[in-house]
Amino acid sequence: GLKKYTIINGKGSKPKTGSNVNLLYEGYFTDGQLFDSNVKETEQRHGFYNEIKEKRGKYQPMKAVISPDAGLIAGFKEAMSLLKEGEKAFFYIPSHLAYGERGAGGGAIPPNSDLIFIITLESVN
């Protein structure tokens, strides 16, 4: 299942179902290759920076709702619900909790890919 390794301990509250949260994330394949992030410096460091993405305002905290119905992969939904405000953690998400046999992004994430996310819960509203 999902594995969590804390990088920075959070000092705030843990979100409840229905809470709105703001997150920073970095998504990697298990070989360390970045596939997506909303942190501009991370994408620049990995040679993945996208000017169009910046113009669209995508390099800012992601807004999400803690909910089983959130339009996110199961592992990411579970991961964000485990964080406390201010916490940063490394999550290993096995393929069955990610995109499974279908993959995603028109082949950008191959079928049966295990994924790694580094997620920071910036705030709970």
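Right, let's walk through the structure included here.

Counting its secondary structure elements, the chain contains 3 helices and 6 strands. Along the chain, from the amino end to the carboxyl end, the secondary structure elements read β-β-β-α-α-β-α-β-β. Expected size for 125 residues packed as a compact globule is a radius of gyration near 14 Å; at 14 Å, the chain falls within 12% of this value. For the chain, the spread of C-alpha atoms along the principal axes amounts to about 35 × 35 × 25 Å. Counting only residues that meet the buried cut, the chain has 42% of its 125 residues in that class. Contacts in the chain between residues far apart in sequence, at least 24 positions, make up 64% of those at least 6 positions apart. Carbon and sulfur atoms form 49% of the exposed surface of the chain, whose accessible area is close to 7,000 Å². Here the chain contributes 16 positively and 14 negatively charged side chains, and the mean placements of these two sets differ by 5 Å.

Note that R56 resides in the loop between α2 (51-55) and β4 (62-65). For R56, a relative accessible area of 64% corresponds to the exposed category. A C-alpha to C-alpha distance of 22 Å links R56 and S123, two positions 67 residues apart in sequence.

Within the structure shown, the criterion is met by 7 aromatic pairs. Plain terms: the ring middles of Y5 and F90 are 5.8 Å apart, the flat faces sit at 65° to each other, and that makes the pair edge-to-face. Placement of the pair is Y5 in strand β1 (residues 3-8) and F90 in strand β5 (residues 88-93), with a sequence separation of 85 residues. Residue class for F90 comes out partly exposed when judged on its relative accessible area of 29%. Both rings, one in F76 and one in F117, keep their centres 5.1 Å apart while their planes meet at 85°; by these two values the pair is edge-to-face. A residue pair is termed long-range when its members are at least 10 positions apart, and F76 in helix α3 (residues 74-82) and F117 in strand β6 (residues 115-124) qualify at 41 residues. Under the relative-accessibility criterion, F76 is labelled buried at 4%. Through a chain of ring-to-ring contacts, three or more aromatic side chains come together here, namely Y25, F29, F35, F76 and F117.

What counts and how
- Residues numbered from 1 in each chain as written.
- Predicted model: local features only at pLDDT ≥ 70, side-chain atom pairs only at ≥ 80, totals over all residues.
- Heavy atoms only, no water.
- Helix = DSSP H or I, 4+ residues; strand = E, 2+ residues; numbered from the N terminus.
- Rg over C-alpha atoms; globule rule 2.2 N^0.38 Å.
- Buried < 20%, exposed > 50% of the residue type's maximum accessible area, 1.4 Å probe, protein only.
- Contact = heavy atoms within 4.5 Å.
- Areas by Shrake-Rupley, 256 points an atom, 1.4 Å probe, with all protein chains shown as cover.
- Lys, Arg positive; Asp, Glu negative; His and termini not counted.
- Charge placed at Lys NZ, Arg CZ, Asp CG, Glu CD.
- Phe/Tyr/Trp six-rings, centres within 6.5 Å; stacked < 30°, edge-to-face > 60°.

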